Amino acid sequence: MGFLSFIGLIVVIKFLVYLVLFMTSDSDLELWFYDKFKRNLDSFKDKVVWITGASSGIGEEIALNLSKYGAKLVLSARSKDKLYKIRNRCIELSEGKLTANDILVLPMDVTIISKHNSLFDDVINHFGKLDILVNNAGRSQRAIWEDIDLGVDKELFDLNVFPIINLSRIVVRYFNQIGQGQLVATSSIAGIIPAPFSATYDATKHALHGYLGALRLEKLRTNIHITLLCPGPVFTNFLKESFTGRPGEKYGLTHSPTDNRMSAERCAHLSCVAIANKLKESWMAKFPFILITYFSIYYPVMSYKLYELYGYKTINKLRDNR
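Throughout this description, residue numbers start from 1 for each chain and increase along the sequence as written. Since the coordinates come from a predicted model, pLDDT governs what is reported: local features require at least 70, and pairs of side-chain atoms require 80 or more to be given and counted, while whole-chain, interface and lining totals use all residues. The basis for the side-chain values is all heavy atoms of the structure; hydrogens and waters are excluded.

Under an unreviewed UniProt entry, the name given to the protein chain is Dehydrogenase/reductase SDR family member 7, and the source organism is Melanaphis sacchari. A UniProt comment under Sequence similarities (unreviewed entry) is attached to the protein chain, and it reads "Belongs to the short-chain dehydrogenases/reductases (SDR) family." UniProt positions are given in the numbering used here, feature names are shortened, and annotations may be inferred rather than shown by experiment.

Engineer: Got a minute to help me understand the overall build of the protein chain in this structure?
Structural biologist: Helix and strand definitions here come from DSSP, where helices need a minimum of 4 consecutive H or I residues and strands a minimum of 2 consecutive E residues; each element is numbered from the N-terminal end. From N to C terminus, the protein chain includes twelve helices and nine strands. Across the 322 residues of the protein chain, 50% fall into the buried class. The contact criterion used is simple: two residues touch if any of their non-hydrogen atoms lie within 4.5 Å. Residue pairs in contact within the protein chain that sit at least 24 positions apart in sequence constitute 74% of those at least 6 positions apart. On the protein chain, roughly 16,100 Å² of surface is accessible, and the fraction owed to carbon and sulfur atoms is 57%. For every residue, the accessible area (1.4 Å probe, protein chains only) is compared with the maximum for its type, and the residue is labelled buried under 20%, exposed over 50%, or partly exposed between those bounds. Using the Shrake-Rupley algorithm and a 1.4 Å probe, accessible areas are obtained, with residue cover drawn only from the displayed protein chains.

Engineer: Mind showing me how you'd approach the environment of tyrosine 84 here?
Structural biologist: Looking at the element boundaries, tyrosine 84 is found in helix H4 (residues 80-93). Tyrosine 84 sits in the partly exposed class, given a relative accessible area of 32%. For tyrosine 84 and proline 107, which are 23 residues apart along the polypeptide, the C-alpha to C-alpha distance reads 9.9 Å.

Engineer: Where do I start with the UniProt feature "transmembrane region" (unreviewed entry) in the protein chain in this structure?
Structural biologist: The positions that UniProt labels "transmembrane region" (unreviewed entry) are, in the present scheme, residues 6-24 and 283-301. Summarising residues 283-301: 63% helix, 11% strand, and an end-to-end C-alpha distance of 22 Å.

Engineer: Help me understand the side chain of aspartate 28 in this model?
Structural biologist: Among the structural elements, aspartate 28 can be located in the loop between helix H1 (3-24) and helix H2 (29-37). Polar contact criterion, stated in full: a pair of N or O atoms within 3.5 Å, where within protein one must be able to donate a hydrogen and the other to accept it, and residues adjacent in sequence count only if both atoms are side-chain atoms. Among the polar contacts made by the side chain of aspartate 28, one reaches the main-chain amide nitrogen of leucine 31 at a distance of 3.0 Å. With sequence-adjacent residues up to four places away left out, aspartate 28 is seen in contact with Glu281, Ser282, Trp283, Ile290 and Tyr294.

Engineer: Sorry, what's going on with H4 here?
Structural biologist: Think of an α-helix as 3.6 residues a turn; residues three or four steps apart then line up on the same face. A helix is expected to reach a length of 1.5 Å times the quantity of its residues less one. The first and last C-alpha atoms of H4 sit 20 Å apart over 14 residues, in line with the 20 Å expected at 1.5 Å per residue. Turning to H4, its buried residues number three or more, namely Leu83, Ile86, Arg87 and Cys90. Considered in projection along H4, the buried side chains sweep an arc of 110° and stay on one side of the axis. In H4, the exposed positions angled more than 90 degrees off the buried face are occupied by Asp81, Lys85 and Glu92. This arc corresponds to the set of directions leading from the helix axis out to the C-beta atoms.

Engineer: Any chance you could explain the sheet that holds strand S4 (residues 132-135) here in plain terms?
Structural biologist: Sheet strands pair by backbone hydrogen bonding; their relative direction is either parallel or antiparallel. With respect to topology, seven strands assemble into an open sheet ordered S3-S2-S1-S4-S5-S6-S9, the strand pairing being parallel. Of all the strands in the sheet, the pair left with one neighbour each is strand S3 (103-105) and strand S9 (281-284). Adjacent strand axes in the sheet meet at a mean angle of 15° when their direction is disregarded. Criterion used throughout: strands pair if DSSP finds at least two bridges between them. Pairing geometry for strand S1 (residues 48-52) and strand S2 (residues 72-76), over five bridges, is parallel. Its bridge partner being in S2, threonine 52 is matched across the sheet by serine 76. Axis definition: a line fitted to C-alpha atoms, limited for helices to the stretch in contact. Angles are taken between N-to-C directions and run from 0 to 180 degrees. The strands touched by helix H3 (residues 57-67) are S1, S2, S4 and strand S6 (224-231); relative to S1, the strand with the most contacts, the crossing angle is about 165°. Along the sheet, helix H9 (residues 264-276) makes contact with S4, strand S5 (181-186), S6 and S9, crossing S6 at roughly 155°.

Engineer: Explain the packing of aromatic side chains here, please?
Structural biologist: One pair of aromatic rings is described through two measures. These are the centre distance and the angle between the planes. Any two of the Phe, Tyr and Trp rings considered here, Trp counted by its six-membered ring, make a pair once their centres fall within 6.5 Å; the pair's planes then place it as stacked at under 30 degrees, edge-to-face at over 60, or tilted in between. Within this structure, the stated rule accounts for nine aromatic pairs. When the ring of phenylalanine 33 is compared with that of tyrosine 34, the centres are 5.5 Å apart and the planes differ by 85°; the resulting orientation is edge-to-face. Feature note: the residues Trp32, Phe33, Tyr34 and Phe37 constitute an aromatic cluster, connected by ring pairs. The criterion is that NZ of a Lys, or CZ of an Arg, lies within 6 Å of the ring centre and within 35 degrees of the ring normal, and then a charge sits over that ring. Over the ring of phenylalanine 243 we find arginine 139; its NZ or CZ atom is 3.9 Å from the centre of that ring.

Engineer: How should the nonpolar core be read in this particular structure?
Structural biologist: One recurring pattern in soluble globular proteins is that nonpolar side chains are buried together. Nine residue types can take part in a nonpolar core, namely buried Ala, Val, Leu, Ile, Met, Phe, Trp, Tyr and Cys, and a core is a set of them joined through side-chain atoms within 4.5 Å. One finds Phe44, Ile51, Leu66 and Leu73 to be the most contacted residues of the largest nonpolar core, which totals 39 residues. Contributing elements (two or more residues each) for this core: H2, S1, H3, S2, H4, S3, S4 and H9. Take this core: its biggest share by element is nine residues, from H9. Contacts of phenylalanine 44, omitting those with residues within four sequence positions, involve Leu66, Tyr69, Gly70, Ala71, Ile132, Cys272, Ile275 and Ala276. Within the second largest apolar cluster, 38 residues are counted, among which are Phe127, Val161, Leu167 and Val172.

Engineer: Looking at this model, I keep getting lost on the pattern of salt bridges. Mind explaining?
Structural biologist: As a working rule, side chains carrying opposite charge can pair if their charged atoms are close by. Within this document, salt bridges are pairs made up of a side-chain nitrogen of Lys or Arg and a carboxyl oxygen of Asp or Glu, the two lying within 4 Å of each other. On inspection of all chains with the given rule, the structure shows seven salt bridges. Between aspartate 131 and lysine 129 there is a salt bridge whose closest N-O contact spans 3.2 Å. Taken together, the shared-partner salt bridges connect Asp26, Asp35, Arg39 and Arg266 into one network.

Engineer: Quick question: what am I supposed to make of the state of the cysteines here?
Structural biologist: A covalent bond bridging the sulfur atoms of two cysteines is what the word disulfide describes. Here, a disulfide means two cysteine sulfur atoms that sit within 2.5 Å of each other. Summed over all chains, the structure comprises zero disulfides. Cysteine 272 provides the cysteine sulfur closest to cysteine 267, a residue in no disulfide bond, and the two sulfurs are 9.6 Å apart. Accessibility expressed as a relative area gives 0% for cysteine 267, which makes it buried.

Engineer: What should I look at first to understand the environment of valine 172 in this one?
Structural biologist: Relative to the helices and strands, valine 172 is located in helix H7 (residues 162-178). Judged by its relative accessible area of 9%, valine 172 falls in the buried class. Between the C-alpha atom of valine 172 and that of glutamine 182, which follows or precedes it by ten residues, the distance is 8.5 Å. Contact partners of valine 172, with chain neighbours within four places excluded, come to Leu183, Leu215 and Lys219.

Below, the structure is given as structure tokens:
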């Protein structure tokens, strides 16, 4: 076998290995490696983790997952009753690792930015420290680009971007003082590659990558870490609560139990692996979304040709399982 033939064989084998991984994995390759070989989840023991948007979906499941490993939790969302129910479940799942005093229920409307400083003070007064902030609050959108009212653009940025940046700046100043900490934000694969019929949502998630990507560069060679979590379609009530193109309107779509979506439990597990290992950016979704993401980033011209061939409406149906 000639040298060039040998190199060609290696390339083909490598391609086939990657293809099998993409078809069987529900995460990017880095996260797949850490999930298989280096989860490091026991490192959460006695860490204080503040989770916004903790009353349902991915935020709720992250809280439940962390409680199994002894993390002390701050649970924030608007619904106080839901948060107390989740606190009780966390205590139960911790199997004696946590007591009621180890989980602070901190009701919060993230859009009321004027209260962020006092809420942060409540966390420090209760636990004496904060190790990790998980910015998870937010909503999605489904709307045709030209039909979106500018008021909706403003509302989504006022929920998905500005509260995260404001609260994160408060926390990062504290991390600067103590010399360490981790900032986490739930973004989306739509924050990496645009998704059709979600223009404002896409823009809010791209904005997070811009803001927090710049922060990551500024904190290189420090003990302050920034992790962006990028889920694809997840089985939650996300679409039911999504914005549309008109102010005050909700999309209202509910999922069938047979939808081919990642479960919130699985998404939370992968998110916790990414946080535990201080990964910079982690993607998580069922096939074929990870493959589509890699293809769109590394072969953008070819990916646009495929979009032209199959149409964005087909992509959107795949995304929403319709």
